[in-house]
Each structure stands twice: as C-alpha cells, then as structure tokens.
Amino acid sequence: MARKKHHQSSRLTAEIGVLAEQISDAIKAAATSSDVAGIRSEIKGSVRSVSDRVAQAVKKAAESSELADIKGQAKKVASLGKREGLRSAQDMRRTLAAGLDAAGQELQRLAEKLKKQG
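Bear in mind the structure is a predicted one, so any value in this text is a computation, not a measurement.

Peer 1: Mind showing me how you'd approach the overall build of the protein here?
Peer 2: Check the secondary structure of the protein and you find two helices and zero strands. When each of the 118 residues of the protein is scored for burial, the buried share is 0%. As displayed, the protein offers around 10900 Å² of accessible surface, 61% of which is attributable to carbon and sulfur atoms.

Peer 1: Would you explain the pattern of salt bridges in this entry?
Peer 2: Between side chains of opposite charge, a pair can form as their charged atoms come close. Taken as a whole and assessed by the stated rule, the structure comprises four salt bridges. Across the salt bridge formed by Glu15 and Arg11, the nearest N and O atoms sit 3.9 Å from each other. One end of the pair is Glu15 and the other is Arg11, both in helix H1 (residues 2-32) and four residues apart, which spans about a single turn. Here Glu15 falls in the partly exposed class, since its relative accessible area comes to 48%. The salt bridge involving Glu84 is made with Arg87; its shortest N-O contact spans 2.6 Å. Note that Glu84 and Arg87 are positioned in helix H2 (residues 34-117) at a spacing of three residues, about one turn of the helix. Taking relative accessible area as the criterion, Arg87 reaches 43% and is therefore assigned partly exposed.

Peer 1: What am I meant to see in a nonpolar patch on the surface here?
Peer 2: The grouping of Leu19, Ile23 and Ile27 at the surface amounts to a nonpolar patch, some 290 Å² of accessible area in total. As for its placement among the helices and strands, Ile23 is situated in helix H1.

The rules behind the values
- Residues numbered from 1 in each chain as written.
- Predicted model: local features only at pLDDT ≥ 70, side-chain atom pairs only at ≥ 80, totals over all residues.
- Heavy atoms only, no water.
- Helix = DSSP H or I, 4+ residues; strand = E, 2+ residues; numbered from the N terminus.
- Buried < 20%, exposed > 50% of the residue type's maximum accessible area, 1.4 Å probe, protein only.
- Areas by Shrake-Rupley, 256 points an atom, 1.4 Å probe, with all protein chains shown as cover.
- Salt bridge = Lys/Arg side-chain N within 4 Å of Asp/Glu carboxyl O.
- Patch = residues over 30% accessible without salt bridge, like charges linked within 9 Å, V, L, I, M, F, W, Y side chains within 5 Å.

Written out as structure tokens, the structure is:
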C-alpha cells in the first residue's frame, strides 16, 4: 500500500511538472507572439503621444505664464508712466501758474509806472 501511494505521488508530481512546463511554454509563446508585440507597440505609441501632449501643454502654460508676467510688467510701467506724467503735468501747471503770476505782477508794476509818468 505504501508503494501505491508513492507511485501515485510520483505520478502526480510528474503530471504537475508537465503542467508547469506547458504553462511556461504558453507564457513564453504569448510573450513572443505578434499580438503581444503589437500591443506593446501600441502602448509605446500611446505613451509617446500622451507624453508629447503633456509636454506641449506644459510649454503653452509656461508661455502663457511668461506672457501674463510681461503683461503685468507692462501695466506697471504704464501705470507708473501715467502717475509720473500726471505729476509732471501738475508740476508744469504750478510752474506755469507761478510764472504767469510773476509776469502779471511785473505787468502790474509796469502799468503803475506808466500811469505815474503819464
């Protein structure tokens, strides 16, 4: 009886070995099949395509960010120029008003002199 169990056990071991070999052969065949190679190629193409799209999106985002920065700086410069322009115009008005006032006073003195002489 011990021999029978030993015989069945070795037969089972042999069958498991054959099954394992068949599974191994099937996996190797699948790994080298043209279908798997095609799928692998499609996956590589898809990954490259997605990678290219992501790279383009990042580039556009960076350009957009740079453009926004440039616009912001241009607005600051324009605002500063506007403020400085207003300041300069106000200074010029004050200077012109002071000059006109001084000229008016001189004309007033001259007119008074002319009246006294006249």
